[in-house]
Amino acid sequence: MHRYPFTNSIWRQHDTGTPYPSLSVSESTEVVVIGAGIAGLVCAYELQKRGKQVTLLEALEIGHGTTGHTTAKCSVQHGTIYHKLIRHFDESIARLYYEFNSEALIYLKNQIEEGFDCDYANEQSFLYSREPNEELTKELDAYRRLKIDGGEATEEVRKALPFSIEQALVIHDQAQFHPVKYLRELAERFVRLGGKIYENSRATEVSQGPRPVVTTSNGRRVQGNQVVIAAHYPLNDLRGLYVSKFSIERSYIVACEVESRPLRGMYLEVGHQNRSFRSYSENGKSYLLVGGEGHTAGQVTDTRLRYDRLENDAQAHFGTHRASHRWSSQDLITLDGLPYVGQMFKREPDLFVATGFSKWGMTNGIAAGTLLADQLTGHANRFVELVSPLRQTVKPSDISAFLKTNLYTAAQFTKGTVNRMLERKDVQDLQLDEGGVVQIDGKTKGVYRDLDNQCHVVTLTCTHLGCTVKWNNAERSWDCPCHGSRFDAKGAVLEGPATKPLSYSKREDL
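Rules and cut-offs
Residues numbered from 1 in each chain as written. Predicted model: local features only at pLDDT ≥ 70, side-chain atom pairs only at ≥ 80, totals over all residues. Heavy atoms only, no water. Helix = DSSP H or I, 4+ residues; strand = E, 2+ residues; numbered from the N terminus. Expected span 1.5 Å × (residues − 1). Buried < 20%, exposed > 50% of the residue type's maximum accessible area, 1.4 Å probe, protein only. Contact = heavy atoms within 4.5 Å. Disulfide = S-S within 2.5 Å. Pairing = 2+ DSSP bridges. Core = buried A, V, L, I, M, F, W, Y, C linked by side-chain atoms within 4.5 Å. pLDDT = per-residue confidence, 0-100. Axes fitted to C-alpha atoms, helices over the stretch in contact; angles between N-to-C directions.

Caption draft 1: Spotlight on helix H6 (residues 179-192). Taking 1.5 Å per residue as the helical rise, H6 with its 14 residues ought to reach 20 Å, and the 20 Å between its terminal C-alpha atoms agrees with that figure. Among the 14 residues in H6, 10 count as buried, and that is most of the element. Taken residue by residue, H6 has Pro179, Val180, Tyr182, Leu183, Arg184, Glu185, Leu186, Ala187, Arg189 and Phe190 as its buried positions. In this structure, the buried residues of H6 make contact with helix H1 (38-49), strand E3 (54-57), helix H3 (91-114), strand E8 (196-198) and helix H8 (361-376). Phi turns positive one or two residues past the end of H6, at Gly194, with a value near 110 degrees.

Now the structure itself:
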C-alpha cells in the first residue's frame, strides 16, 4: 500500500532548503520575530539589513505554514475590496490600501532585480463573473475613482477562459511567483547577514513588560528588546480580544498537469463558485492551479469532496490530467478588511503583530514586514495608522454582527453541544488511514487508525478555548471550528492559536 500523503503542496515538493536547528539554549537578542512566513521573514531580513540583531522562531519548518499553501498571486486586486473600502471608510483610505500593497509589489520587483530566484513572472490579474454582477460594476467605478491601472476586460477574459463570461475587470502589471523559493531566499540572505533561525521551536508565551521574554514549547526562552508576532494567528489572542476580531476561512487548491499551452494571467471569480486560476511550470511540465471551495474553518469533515470538485472543474473545462497536488490554506478575515500590523497593545510598546491578511498575504505580508521594520528602526511609514491594530474604525453594528457570529460558532461547538452532534463510529469500523469520533471505555475520543493498523487516540477538546475538534479526512488532522486551531493525528499542534497539543495515547488493543 502506498504511503504518499493525499495532500501535498506543489510549492513544497522539491524544497531542499537548509534545515535550521531548534532552540536548545536560552538566549538574548535585540528583536525576536515569531513566524517564518512571508511577513516574519521580510521583517527579520529588513531589520538585520539595518543593523539589528534578530532571532527568528518558527514552530514547524520554513514553508510549512500559510505562505507555502497559497496560490502565490502577488496582486493588488484583492477581490472587490476597493468599492467596499470606499463605502466603509472613504476614497483616501481605499487609495492608501492600494498604495500599501502596490509598494509591496515594487519591493518584490526590486528584489528580483537584485537576483532573488523565485520563479517570478509578470502577469495581469483578472476578476470575472459568469453572470451580471453588481459587485464588479461597483468595483470598476472604484478603479476609476482611485485611478487604479486597470478597467474593463470582458472580451479579453472571454478569449482566455473556456466557459461563458458576463463581465470582467483587469489590473495590469501584477505578478506570480514560487512562495517557498522566495522564503528560502529571504532566509539564506538573513542568515548571511548574521540573523539566527530556529525551526521546530514553537513559541507558547510572550511575557509582558520591558524586554519581553518568548518561551518555547521545550521551555527554552529568548529575551529581546522587541517582539514581533507574525505567526499568522497571534498566539496571545485572548489579550486585547483578538479572538473576536477575525473570521477564519479554509480554502482549497489543486494542481493539474496540462498538455495545452499554459493559461496566461491570474483569475478570480466573483460570485457563483468563486474559482481561482493561475498556471505554474517547472521541469518541463505545466500545471493549472484551481482554487476555491472555501468554508468556515473546522466546520467541514469531508474535505476530500472539496478537492474532487476542483479537480472535476479542471478536467471538464481545461482538459487537464488528474490532480497531482492538493493543498489547503487558512485565512483570517478582519472586521473591516484591513490587516492588523503594528503595536499590538496600547500599554506594551515593545510587542508588535502582523496578522489578518484576508487571503491576500503575498502583498500584505511583504508590506507588513517592511512597515514593522520601519517602526522598529524609527523610520517614518505613512501606512502606520491605516493598518494599526489599535485603530477604532469599525462601526458598532459591524462589531455586534461579528461577535454574534463568533459567539454562535463557539456555542455550537463547545464540548457539551458537539458531543450530542458528532457522528460517532465504532472503533472496529475504522478502516486503515481513517479517523473519526468513537466511544472508548464510555468516553468520547478521537481515533485515527494508521496504515500499520495502529490506533492513535486524542481528546477532542481544543487546548485554546475548549471547543470540540472535528476530523478532517483529507488533511488527516483534527480541526477546531471556533478559532481555526489544527492538530495532527497524534495531537501535535499544526496551526494556532492553540500552542499546546491534544492529550494523546497509542492503543494497540483497539
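Having seen the structure, we can now continue with the description.
Caption draft 2: Representation of the state of the cysteines. Under the counting rule described, the total for this entry stands at one disulfide. Sulfur-sulfur distance for the disulfide between Cys467 and Cys482 comes to 2.1 Å. Judged by the torsion about the S-S bond (-95 degrees), the Cys467/Cys482 disulfide is left-handed. Here Cys467 is found in the loop between strand E23 (455-458) and strand E24 (470-472), whereas its partner Cys482 is found in the loop between strand E25 (477-479) and strand E26 (486-488), with 15 residues between them in sequence. In terms of burial, Cys467 and Cys482 fall into one category: buried. A disulfide-free cysteine, Cys74 has its sulfur positioned 7.7 Å from the sulfur of Cys118, the nearest such atom.

Caption draft 3: Region of interest: the sheet that holds strand E1 (residues 27-28). Pairing in this open sheet of four strands is mixed, and the strands run E1-E11-E10-E9 from one edge to the other. Either end of the sheet is taken by a strand with one partner, and the two such strands are E1 and strand E9 (203-206). Pairing between E1 and strand E11 (residues 221-223): two bridges, direction parallel. Bridging across to E11, Glu27 finds its partner in Val222.

Caption draft 4: Fine view of the nonpolar core. Membership of the largest hydrophobic core comes to 82 residues, with the highest contact counts inside it found for Tyr82, Phe177, Tyr182 and Val228. Broken down by element, the residue count for this core peaks at nine residues, all from H3. Sequence-distant contacts of Phe177, defined by excluding residues within four places in its chain, comprise Trp11, Ile38, Ala72, Cys74, Leu108, Cys118, Asp119, Tyr120, Tyr182, Arg278 and Met362. With 25 residues, the next largest nonpolar core counts Tyr128, Leu161, Ile165 and Val170 among its residues.

Caption draft 5: Molecular detail of the confidence of the model for the chain. Per-residue confidence for the chain averages 90 on the pLDDT scale, and 92% of its residues sit at or above 70. When the criterion is pLDDT under 50, residues 412-421 qualifies, and its contacts beyond four places in sequence or with other chains add up to 19 contacts.

Caption draft 6: Local environment of the sheet that holds E8. Overall, mixed pairing links the six strands, which are arranged E8-E3-E2-E12-E19-E18 in an open sheet. In the strand order of this sheet, the two ends are held by E8 and strand E18 (340-345), each with one partner. Averaged over all adjacent pairs, the angle separating strand axes in this sheet is 20 degrees, with direction ignored. As judged from the four bridges shared by strand E2 (residues 31-34) and E3, these two strands associate in the parallel manner. The partner of Ile34 across the bridge, within E3, is Leu57. In the packing of H1 onto the sheet, contacts are made with E2, E3, strand E12 (226-229) and strand E19 (348-355), and the angle to E3 comes to roughly 165 degrees.

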